[in-house]
Amino acid sequence: MPYDSEGNFTRIHNWEDDRVNDIDIVTDHHDEEDDNFANGLSQAFLRDGRTAMKGDINIAGYKLKNLGNGTSKSDATNLQQLNDAIKQLKAGIINSFNSSQKLGDIKASVQSSNHGNWFLCNGQAISRVTYSELFALVGTKFGAGDGTTTFNLPDYRGKFLRGLGGNSASDIYTTQAESLPDISGSFAGGIGDNATATGAFKRNGTDAESIKVDAVGDSNALSGLFNFSASSSNSIYKGTHVTPINQAVNYFIKVKTEE
């Protein structure tokens, strides 16, 4: 066999140059055995890669082992390179998301505790040194912490976040107190059925159920009975708070840029 244990062709011959130059190897006497051997050499590829393969290799389910790292777009890649590419892709997606979120941004989440550089907006005190960038941004406007080494994050528990402006609070650091619109109405007393009511006031009863109001007891001096109910003015008045339909979430603030 003209190959050694390392797969190198051992005969001194210019056949390697012939293969590089795409010159077929032939025998000097054409019997079937020698022609098959020459044809096999002609279809072989050099171990140093000087000639490219011209056909498929059927490896019958065996692995290509110890494949080197591909360096050009036409090279094969190995498993390690594929795994590294997947990791880089995942990291790129995460970094892309994180880089789009800026210091001080707020997000809603079903997470229940601090994670990464996102801290729960529950008024907690954090270090002025460790989170110096955020401290430079908000200072002690949400609270001074211990007064020297910490400062407070906003506390959004039980609150709706609202766009600044219009009739909101004057800044983003002030909690606007609950408020309800004024309730109005009027009534005019009169004799008999002449008593009238508007808005939150409502006439109750008839003349027969009215109260004598004349100081001397004149039975004809009657005024209607009236009830007061805010819901008569607007059906929204039926609870203890002005509360739109809602679902609770946790709010988080980004406390640090990515490192």
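Residues numbered from 1 in each chain as written. Predicted model: local features only at pLDDT ≥ 70, side-chain atom pairs only at ≥ 80, totals over all residues. Heavy atoms only, no water.

Colleague: How would you summarise the overall build of the protein if you had to cite specific residues and measurements?
Modeller: Counting its secondary structure elements, the protein contains five helices and 11 strands. Burial analysis of the protein (259 residues in total) assigns 20% to the buried set. The long-range share in the protein, meaning contacts at least 24 apart out of those at least 6 apart in sequence, stands at 53%. In the form shown here, the protein has an accessible surface area of approximately 19,300 Å², with 52% of it arising from carbon and sulfur atoms. (Helix = DSSP H or I, 4+ residues; strand = E, 2+ residues; numbered from the N terminus. Buried < 20%, exposed > 50% of the residue type's maximum accessible area, 1.4 Å probe, protein only. Contact = heavy atoms within 4.5 Å. Areas by Shrake-Rupley, 256 points an atom, 1.4 Å probe, with all protein chains shown as cover.)

Colleague: Tell me about the packing of aromatic side chains, and name the residues and values.
Modeller: In total, this model carries four aromatic pairs according to the counting rule given. Ring plane angle 65° and centroid distance 5.3 Å describe the contact between Phe-119 and Tyr-131, whose orientation is recorded as edge-to-face. Separated by 12 residues along the polypeptide, Phe-119 in strand S2 (residues 118-120) and Tyr-131 in the loop between strand S3 (125-127) and helix H4 (132-138) bring together distant segments of the chain. Taking the relative accessible area as the measure of exposure, Phe-119 reaches 10% and is therefore buried. What makes Tyr-131 buried here is its relative accessible area of 15%. Seen in terms of ring centroids, Phe-142 and Tyr-173 are 5.0 Å apart; in terms of plane orientation they differ by 65°. Their pairing is edge-to-face. With a gap of 31 residues between them, Phe-142 in the loop between H4 and strand S4 (150-152) and Tyr-173 in the loop between S4 and strand S5 (185-188) connect regions that are remote in the sequence. Using a relative accessible area of 26% as the deciding quantity, one classes Tyr-173 as partly exposed. (Phe/Tyr/Trp six-rings, centres within 6.5 Å; stacked < 30°, edge-to-face > 60°.)

Colleague: Account for the sheet that holds S2, naming residues and giving values.
Modeller: Within the open sheet, the three strands sit side by side as S1-S11-S2. Their pairing is antiparallel. Edge positions in the open sheet fall to strand S1 (106-109) and S2, since each of these has one partner strand only. Going across the sheet, the axis of each strand differs from the next one's by a mean of 40°, ignoring polarity. The sheet contact formed by S1 and strand S11 (residues 250-254) spans four bridges and is antiparallel. Counterpart to Ala-108 in the pairing with S11 is Tyr-251. (Pairing = 2+ DSSP bridges. Axes fitted to C-alpha atoms, helices over the stretch in contact; angles between N-to-C directions.)

Colleague: Explain a nonpolar patch on the surface to me, and be specific about the residues and the numbers.
Modeller: Among the surface-exposed residues, Ile-57, Ile-59, Tyr-62 and Leu-64 lie close enough to one another that they form a single nonpolar patch of about 470 Å² accessible area. Assignment of secondary structure puts Tyr-62 in the loop between helix H2 (32-43) and helix H3 (79-100). Residue classification places Tyr-62 among the exposed positions, given a relative accessible area of 65%. (Patch = residues over 30% accessible without salt bridge, like charges linked within 9 Å, V, L, I, M, F, W, Y side chains within 5 Å. Salt bridge = Lys/Arg side-chain N within 4 Å of Asp/Glu carboxyl O.)

Colleague: Just give me the short version of the pairing of S11, but keep the residues and values in it.
Modeller: By the bridge criterion, three bridges tie S2 to S11 in an arrangement that is antiparallel. Bridge pairing links Leu-120 to Phe-252 in S11.

Colleague: Requested: an account of the confidence of the model for the protein, with residues and values cited.
Modeller: Mean pLDDT over the protein stands at 76; residues scoring 70 or higher make up 59%. Mean pLDDT across the elements of the protein ranges from a minimum in strand S9 (residues 222-223), with 48, to a maximum in S4, with 98. (pLDDT = per-residue confidence, 0-100.)

Colleague: Got a sec to walk through the side chain of Thr-150? Specific residues and values, please.
Modeller: On the secondary structure map, Thr-150 appears in strand S4. A distance of 2.8 Å separates a polar atom in the side chain of Thr-150 from the backbone nitrogen of Asp-146. Among all residues touching Thr-150, those that are not within four sequence positions of it are Ala-125, Ile-126, Ser-127, Arg-128, Ala-144 and Gly-145. (Polar contact = N/O pair within 3.5 Å; in protein donor to acceptor, adjacent residues only side chain to side chain.)

Colleague: Would you mind going over unusual backbone geometry in detail, with residue names and values included?
Modeller: Residues other than glycine seldom take positive phi values, yet Ala-60 does so here, at roughly 50°. Checked against the element boundaries, Ala-60 lands in the loop between H2 and H3. You can call Ala-60 exposed: its relative accessible area is 60%. Even without a glycine there, the phi angle at Asn-66 is positive, about 55°. Within the element layout of this structure, Asn-66 appears in the loop between H2 and H3. Judged by its relative accessible area of 80%, Asn-66 falls in the exposed class.

Colleague: Explain the nonpolar core to me, using residue names and the numbers behind them.
Modeller: Grouped together as the largest cluster of nonpolar side chains are 11 residues: Phe-119, Cys-121, Ile-126, Tyr-131, Leu-134, Val-138, Phe-151, Leu-153, Tyr-156, Ile-253 and Val-255. Excluding residues that lie within four positions of it along the chain, Ile-253 makes contacts with Gly-104, Asp-105, Ile-106, Asn-117, Trp-118, Phe-119, Cys-121, Leu-134, Leu-153 and Pro-154. (Core = buried A, V, L, I, M, F, W, Y, C linked by side-chain atoms within 4.5 Å.)

Colleague: Talk me through the pattern of salt bridges; I want residue IDs and the actual numbers.
Modeller: Overall, the coordinates contain one salt bridge when judged by the stated rule. The partner of Arg-157 in a salt bridge is Asp-155, with the nearest N and O atoms 2.7 Å apart. A relative accessible area of 56% places Arg-157 in the exposed class. You can call Asp-155 partly exposed: its relative accessible area is 27%.

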